[in-house]
Amino acid sequence: MAIREDLGTAPRRGRPRKFQDPSRSVTLTLPEKIIDALEAVDHDLSRAVVRLAQPEMAKQPHPTAELSSFGGRSIIVVHPTRTLEQRTGVFLVTLPDGRAIIAFDESMTPARLELKIQDELDDHRLPDEDAKVFEAIRDILKEARRSQAVTLQQRSIMVIQSTKRRK
């Protein structure tokens, strides 16, 4: 997993990027009713199309852990695994596409998480599928820690926890 060395380091001229991924302009002829429906999703038609295409994109295979970037910031997105929560003490917040972001309380730090993950990888009882997730997260954290172009910053997210169990 390569940490992008250009995250926010080089100033860009012209209009800001709308999407993180490579993009290109296309021209569409659409019925007015479709345009109205798209504008109900987002006033920016290209963002509306992207939002509506995301469930289809979720069906495509993803790496076990990867960086998801917007602007100069990235988060680690993982395939959710109970083992990751149980063995490291992190919380996984599931995203609409079935993947999850890693959340943790104040007692955990990125360095401590990297160490816990390495300790678990040293335990040969860790199931292979879980080991792949652990290795991918460890590699991302290690590369970010060693990179001169990025910094690891601990941020807070708001998690709304249900008090009732779903059936």
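Refer to the structure printed above.
A brief look at the structure comes next. (Residues numbered from 1 in each chain as written. Predicted model: local features only at pLDDT ≥ 70, side-chain atom pairs only at ≥ 80, totals over all residues. Heavy atoms only, no water.)

**Some thoughts on the overall build of the protein chain**
Selection rule: Helix and strand definitions here come from DSSP, where helices need a minimum of 4 consecutive H or I residues and strands a minimum of 2 consecutive E residues; each element is numbered from the N-terminal end. For every residue, the accessible area obtained with a 1.4 Å probe (protein chains only) is divided by the maximum for its type, and the residue is called buried under 20%, exposed over 50%, and partly exposed between those limits. Any pair of residues with heavy atoms lying within 4.5 Å of one another is described as a contacting pair. Values of accessible area rely on a 1.4 Å probe in the Shrake-Rupley scheme; residue burial ignores everything except the protein chains shown. For this count, His and the chain ends are skipped, Lys and Arg are scored as positive, and Asp and Glu as negative. To locate a charge, take NZ of a lysine, CZ of an arginine, CG of an aspartate or CD of a glutamate.
When its secondary structure is counted, the protein chain shows five helices and four strands. N-terminal to C-terminal, the α/β element order of the protein chain is α-α-β-β-α-β-β-α-α. Its C-alpha atoms put the protein chain at 60 × 50 × 30 Å along the principal axes. Here the protein chain holds 167 residues, and the buried ones make up 29% of them. Pairs at least 24 residues apart make up 51% of the contacts formed inside the protein chain by residues separated by at least 6 positions. When the accessible area of the protein chain is evaluated, it comes to approximately 13,000 Å², of which 52% is carbon and sulfur surface. Averaging the locations of the 28 positively and 25 negatively charged side chains of the protein chain gives two centres separated by 4 Å.

**A look at the layout of surface pockets**
What counts, and what does not: Points on a 1 Å grid over protein atoms alone make up a cavity when a 1.4 Å probe fits among them but cannot get out, and a pocket when they form an open set with protein on both sides within 12 Å along at least five of seven lines; lining residues each have an atom within 4 Å of a point. Grid points are joined across faces, edges and corners, and a volume is the space filled by probe spheres set on the points. Any residue that is not Ala, Val, Leu, Ile, Met, Phe, Trp, Tyr, Cys, Pro, Asp, Glu, Lys or Arg is counted as polar, Gly included; the first ten are nonpolar and the last four charged.
Reported here for the second largest pocket is a volume of approximately 1,100 Å³. Looking at the second largest pocket, it is lined by 30 residues, and the ones nearest its centre are S74, I75, Q153, Q154 and R155. Contributions of two or more residues to the lining of the second largest pocket are made by β1 (65-70), β2 (73-78), β4 (100-103), α4 (110-122) and α5 (128-146). At four residues, the largest contribution of residues to the lining of the second largest pocket is made by β2. Among the residues forming the lining of the second largest pocket, the class breakdown is 18 nonpolar, eight polar and four charged.

**Notes on the pairing of β4**
Basically, it comes down to this: Strands are treated as partners if at least two bridges between them are detected by DSSP.
Residues A100 and I102 of β4 are buried on one face, and the alternating residues I101 and A103, pointing to the opposite face, are buried as well. Strand direction decides the pairing type here: β2 and β4, joined by two bridges, are antiparallel. Paired with V77 across the strands is I101, a residue of β4. Pairing between strand β3 (residues 91-94) and β4: four bridges, direction antiparallel. The residue of β4 that forms the bridge with V93 is I101. Hairpin connection between β3 and β4: a loop of five residues separates the two successive antiparallel strands, and G98 in this loop has a positive phi of roughly 95 degrees.

**Overview of the pairing of β1**
With six bridges connecting them, β1 and β2 associate as antiparallel partners. Bridged to S69 within β2 is S74. Remark: two residues form the turn of the hairpin made by β1 and β2, two consecutive strands paired antiparallel; G71 in that turn has positive phi of roughly 65 degrees.

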